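# Coordinates in review
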Amino acid sequence: GGVGTEATVVGVVEFLRMRAEPSTASEEIGRLDLGARVSVFTDELTYDGSDYWWVSVRLPAAGTCGSAAAEFLADGSGRLDQQIPGISFRPPTSGSWTFTDRMSRLDPVEAFLEGAFYTSYLVTVSEDMQIDQLLANQLAEFEEFEYEYPADWNQPATVPGADRAVRVIPVASSSGDIVTDRLLIEVGGHTVEVATSVYIEDFEEAPLEELNAFIDSVVIDRQAFLAAASG
């Protein structure tokens, strides 16, 4: 009876199997063609502990529900298995990206551009590091490595649903070969860091405009995020 949200089948050759239960050993009850748009219920996203994240899906024709591997379903914030509840964003779509493994819903989302030396985007959540401490750490790094930095090296930013947000100027690593762009967000005692990193020799092939748009697109659904963070 739920409404659900819309997602599209991606990353399969022909079809995505729909299972009675969230397991590859469960009975197949339907097939979703590549490109099919279906209703999904992301609040029921679960990890099976070994192979896949699973999400509840409504079979369009019959109206019955089952489970499908979230890796092969995507919405505006990308693959369903690579999202943190309550945090929406527009990920880069140019190129192919590989992801680090995630085992819980608050684990970092971290993607790396295939074929590049080191180009990545990251969304991570922590409780033990607030914005002021992160800024103090960055300032200490500036001073340790004798960076020349402008007075406005960090600026308040507007992020819907956040208590506070700060955008930090792009900063080169101590070795000078990786540039990192960061957005720091506080939400109810939690800190969300959104960042991109690009190796200097990747600048011609990295989708720089899309990486910038990724940071600018972040929106927090406060209620959904805090519910996941407290659970």
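Preceding block: the structure.
Below is a summary of the structure that appears in this document. Note that the coordinates shown come from a computational prediction; the quantities given were computed from them, not determined experimentally. (Residues numbered from 1 in each chain as written. Predicted model: local features only at pLDDT ≥ 70, side-chain atom pairs only at ≥ 80, totals over all residues. Heavy atoms only, no water.)

### As for the packing of aromatic side chains
Inclusion rule: Pairing of aromatic rings covers Phe, Tyr and the six-membered ring of Trp, with a centre-to-centre limit of 6.5 Å; geometry is then stacked below 30 degrees between planes, edge-to-face above 60, and tilted otherwise. A run of H or I in DSSP counts as a helix once it spans at least four residues, and a run of E counts as a strand once it spans at least two, with each numbered from the N terminus. Accessibility here uses a 1.4 Å probe with only protein chains present; expressed as a share of the type maximum, an area under 20% marks a residue as buried, one over 50% as exposed, and anything in between as partly exposed.
Taken as a whole, this structure holds 13 aromatic pairs when the rule is applied. Taking the centre distance of 6.2 Å and the plane angle of 55 degrees together, the rings of tyrosine 52 and phenylalanine 72 count as tilted. Taken together, the positions of tyrosine 52 in the loop between strand S4 (37-47) and strand S5 (53-58) and phenylalanine 72 in the loop between strand S6 (65-69) and strand S7 (73-75) put the pair 20 residues apart, joining distant regions of the chain. According to the relative accessible area criterion, tyrosine 52 is partly exposed, its value standing at 25%. Take phenylalanine 72: its relative accessible area is 16%, and that puts it in the buried class. Look at phenylalanine 142 and tyrosine 147: their rings are 5.5 Å apart centre to centre, the planes differ by 75 degrees, and that puts the pair in the edge-to-face class.

### Let's talk about the pattern of salt bridges
The condition is simple: What makes a salt bridge here is a side-chain nitrogen of Lys or Arg within 4 Å of a carboxyl oxygen of Asp or Glu, nothing more.
Taken as a whole and assessed by the stated rule, the structure comprises ten salt bridges. A salt bridge links glutamate 6 to arginine 37; the nearest nitrogen and oxygen atoms lie 2.6 Å apart. Of this pair, glutamate 6 sits in strand S1 (residues 5-9) while arginine 37 is found in strand S4, placing the two residues 31 residues apart along the sequence. Judged by relative accessible area, which is 47%, glutamate 6 ranks as partly exposed. A network of salt bridges, in which partner residues are shared, links Arg17, Glu28 and Arg31.

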